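Residue-level listing of the chains:
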Amino acid sequence: MTPRFLLSGDTAVTVEFGDRIDRAVSEAVLHLDALVRAAEVPGVVETVPTFRSLTVHYDPLSTGPDVLVPRIGELVEGARDATPPAKLWRVPASYASVHAPDLADVARRTKLSTEEVVDLHTGIQFHVYMLGFAPGYPYMGDLPESLVLPRRADPRTRVPAGSVAIAASMTAIYPVESPGGWHLIGATPIRLFDPHSPHPALFDPGDAVCFEPISVREFEAIRTAVAAGTYRVPCESLTR
Amino acid sequence: MTAALEVLAPGLHTTVQDLGRIGYQNVGLPASGPLDRVSLRLANALVGNPPGTPALEMLLQGATFSVAANSVRVALAGSDGAIEIESSRVRAVPAGQSVRLVRGDVFQVRAFGDSVAAYLAIEGGPDIAPLLGSASTYVRSGIGGFHGRALRRGDRLPLARDGADVRDERALARPVDLGLDLPIRVVLGPQHDYFTDDAIATLLSSDYVVSNHADRMGYRLDGPALVHAKGYNIVSDGTVVGAIQVPGSAQPIILMADNQTTGGYPKIATVISADIPVVARRKPGRAIRFVAVDVENARGLRREQEAALLRDIADLRRVAPTGEIDLSALYTENLVSGVTRAFDDSPLAAR
């Protein structure tokens, strides 16, 4: 996949592999991200993968696009098929009405039963395309056509932390309470972002996520364990 | 009791900022740091700190503190305001000069004249443990700085040192040009191809005005509409500080220190890094005019700015500790341009 190089002022180069949400594009972005990080290119400050591009932030006092564009081009050329290591997370989620204010509405609008919506959502291994919008906020896809809905016409000013939400072809979890316009179909008691950890976000871009249905009682038990620091989210190495 | 500055009045938005939290934009956490990095570094140099020592960033209105330490040295940079001290007698120290204060002194950072942001550096810095490598405050997510938020009345900002060295004070050898009337230089893109040729010509030939919707996340501008050629939604990609995003309103937003790390609106152009502090200083109501440069030009301008800043720091002059300005003289004779004018302005008038 041959990328386009876009200039973001004098502090970043954006390496664009496409203009849409696409798994192959995402894999190319994430692969290049791993290569650029491993190459430790002088002057590169940090890298940010998104759905379709990798933004490479640099220090304009030490390097520039004249050096970086050819260097990154070499890394793209030399890329092998091997994808970087990633994890598969099994996220406990309650879809009970107390945790899912929009589930009935989503079912009505998609002409499915609430059980069918939950079965679809828990039956998919989602791909973490990117983190953005808020610290630790994962954009995960893809939802089946039958669950694709536009965002809510009236965004909420307060969405509780842990809300499991859907919009368009994506699902997400709100890491902290924030405004939001997605449909809330469940909630998880796990913590997605901990600024006191040296690795603050639970998920990395490229990880896989499955939702495992739990009862309200299990939700409360896990929430207590999370608060006590005794809960670990089930996780394994991803084989693809 | 530990050394502290006690907050008697917090100003409008006073936060701890250092040079920013680098390396977490890939998990959605912006770098934060100062709106005006040049002024933060100058303030630190005035009190003898390393450049990245955390300092207090104040927006539009200064804070008032009481010194709860044996002594403390502070300096203000980034505005033409002053530090006004009420102790045995009232006196004022202009921006660009350090001053040593003692326990019980009450000092107020006065209104800023024309600039949005001022930086109060403290010798030794506040005693704030870095979070993810930085003491910068990201208020929106409650991360870093003083309990993740702006200072409030009654807060005690802990200080790393209980006493300031007894020595000459330092002052800028020449006033810093805040650049309030200079054109803002941009590199076109990354998505200028999402706009009509007319929109690009409009951006580069019109006066825009900083609107009241200006905060650490971004400055929204008012001015002629920038017409999209291919719609205003793009699949999210990375953003940088300085990116000029144009949402459906067709009015540009310049992303600032607390920018969202990714965004779904096309970015017509990007303010060059040397001019970020210059944009940051523009108050609501002030004009902005853009001019395009290429990226190698932009890097050259940044190198020049860095060299000028290092020269300003190397040329700091020594001032005898008695060198403070008598406040009545300041008011009557207008010794410091802008200060008397600033006192006539309510800081809230600009909001």
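It should be emphasised that the depicted structure is a prediction, and the values quoted were computed from it without experimental measurement. (Residues numbered from 1 in each chain as written. Chains lettered and ligands numbered in written order. Predicted model: local features only at pLDDT ≥ 70, side-chain atom pairs only at ≥ 80, totals over all residues.)

Asker: What should I look at first to understand the pairing of strand β10 (residues 170–173) of chain A in this one?
Answerer: On a regular strand, one side chain projects to one face of the sheet and the next to the other, so that they alternate. Residue and element names in this part refer to chain A. Across 2 bridges, the pairing between strand β7 (residues 138–141) and β10 is antiparallel. Each bridged residue has a counterpart across the sheet, and for Met140 the counterpart in β10 is Thr171. Two strands pair when backbone bridges link them, and strand β9 (residues 163–167) and β10 are joined in this way by 4 bridges, in the antiparallel orientation. Note on β10: the bridge partner recorded for Ala167 is Met170. The turn linking β9 back onto β10 is made up of 2 residues, and Ala168 within it adopts a positive phi angle of 50 degrees. (Pairing = 2+ DSSP bridges. Helix = DSSP H or I, 4+ residues; strand = E, 2+ residues; numbered from the N terminus.)

Asker: What is the right way to read the interface of chain B and chain A from this model?
Answerer: Frequently, the measure chosen for interface size is the accessible area that the parts lose on association. Taken residue by residue, the interface counts 36 residues in chain B and 39 residues in chain A. Considering every element that reaches the side of chain B that touches chain A, the biggest residue donor is helix α4 (residues 295–314) of chain B, with 7 residues. Of the residues belonging to the side of chain B that touches chain A, the class tally is 16 nonpolar, 14 polar and 6 charged. (Contact = placed C-beta atoms within 7 Å. Nonpolar A, V, L, I, M, F, W, Y, C, P; charged D, E, K, R; others polar.)

Asker: I would appreciate a short explanation of the domain arrangement of chain A in the present structure.
Answerer: Residues and elements named next belong to chain A. Here chain A is described as being made up of domain 1 (4–77) and domain 2 (87–237). Taking the mean C-alpha position of each, domain 1 and domain 2 sit 29 Å from one another. On the side of domain 2, 8 residues touch domain 1, which itself brings 7 residues to the contact. No other element matches the 3 residues that helix α1 (residues 23–39) contributes to the side of domain 1 that touches domain 2. Here the residues of the side of domain 1 that touches domain 2 sort into 4 nonpolar, 2 polar and 1 charged. (Domains from an automatic or database assignment.)

Asker: What am I meant to see in the domain arrangement of chain B here?
Answerer: Residues and elements named next belong to chain B. Taken as a whole, chain B is organised into domain 1 (4–173 + 316–350) and domain 2 (184–302). The C-alpha centroid of domain 2 is placed 29 Å from the C-alpha centroid of domain 1. Across the boundary between the two partners, domain 1 contributes 19 residues, which contact 14 residues of domain 2. Among the elements that line the side of domain 1 that touches domain 2, the one with the most residues is helix α1 (residues 37–46), at 3 residues. Classifying every residue of the side of domain 1 that touches domain 2 by side-chain character gives 9 nonpolar, 6 polar and 4 charged.

Asker: Would you mind going over the sheet that holds strand β2 (residues 14–17) of chain B with me for this structure?
Answerer: In sheet architecture, strand pairing relies on hydrogen bonds along the backbone and comes in two forms, parallel and antiparallel. Residue and element names in this part refer to chain B. Spatially, β2-β3-β10-β5-β8 is the arrangement adopted by the 5 strands of the open sheet, whose pairing is antiparallel. With one partner strand each, in any of the chains shown, β2 and β8 (98–102) form the two edges of the open sheet. Taking each pair of neighbouring strands and ignoring which way they run, the sheet shows an average axis angle of 30 degrees. Judged from the 4 bridges that link them, strand β3 (residues 55–59) and strand β10 (residues 117–122) form a sheet pairing that is antiparallel. (Axes fitted to C-alpha atoms, helices over the stretch in contact; angles between N-to-C directions.)

Asker: Any chance you could explain unusual backbone geometry here in plain terms?
Answerer: Phi is mostly negative for residues that are not glycine, and the peptide bonds are mostly trans. Across the junction of A:Gly141 and A:Asp142, the peptide omega takes the value 5 degrees, indicating a cis bond. Tracing the backbone through its elements, the reader meets A:Asp142 in the loop between β7 and β8 (156–159). Residues B:Gly189 and B:Pro190 are joined by a peptide bond in cis, for which omega reads 15 degrees. Its location among the elements puts B:Pro190 in the loop between β13 (184–188) and α2 (197–203). Residue A:Lys111 is not a glycine yet carries a positive backbone phi of 60 degrees. When you line up the elements, A:Lys111 lands in the loop between α3 (103–110) and α4 (114–122).

Asker: Please clarify how the environment of A:Glu16 should be interpreted in this entry.
Answerer: Residue and element names in this part refer to chain A. Structurally, Glu16 is set in strand β2 (residues 12–16). Overall, Glu16 belongs to the buried group, with 21 C-beta atoms counted inside 10 Å. Glu16 sits 13 residues away from Pro3 along the chain, and the two C-alpha atoms are 5.2 Å apart. Apart from the residues within four sequence positions on either side, Glu16 is in contact with Pro3, Arg4, Leu6, Arg52 and Ser53. (Buried ≥ 20, exposed ≤ 12 C-beta atoms within 10 Å, placed from the backbone.)

Asker: Which parts of the structure should I look at to understand α1(A)?
Answerer: The periodicity of an α-helix, 3.6 residues per turn, causes residues three or four places apart in sequence to face the same way. Residues and elements named next belong to chain A. For α1, with 17 residues, the first-to-last C-alpha span of 24 Å sits near the 24 Å given by 1.5 Å per residue. Buried within α1 are the following residues: Val25, Ser26, Ala28, Val29, Leu30, His31, Leu32, Asp33, Leu35 and Val36. Looking at the buried residues of α1, the elements they touch are β2, β3 (44–49), β4 (53–58), α2 (65–77) and β6 (126–131). In the stretch just after α1, Glu40 is the one whose phi turns positive, near 45 degrees. (Expected span 1.5 Å × (residues − 1).)

Asker: For this particular structure, what's the right way to read the packing of α1(A) against α2(A)?
Answerer: Any two packed helices are characterised by the angle at which their axes cross and by the distance between the axes. Residues and elements named next belong to chain A. Where α1 meets α2, the axes come as close as 10 Å, and the angle between the chain directions of the two elements is 120 degrees. Of the possible angle classes, the one that applies to α1 and α2 is oblique. Between α1 and α2 lies a crossing whose hand is right-handed. Here α1 contributes Leu32, Leu35, Val36 and Ala39 to the contact with α2, which in turn contributes Ile72, Leu75 and Val76. The class makeup of the residues in the contact of α1 with α2 is 7 nonpolar, no polar and no charged. (Parallel < 35°, antiparallel > 145°, perpendicular 65-115°, else oblique. Left-handed = near helix turned anticlockwise from the far one by under 90°.)

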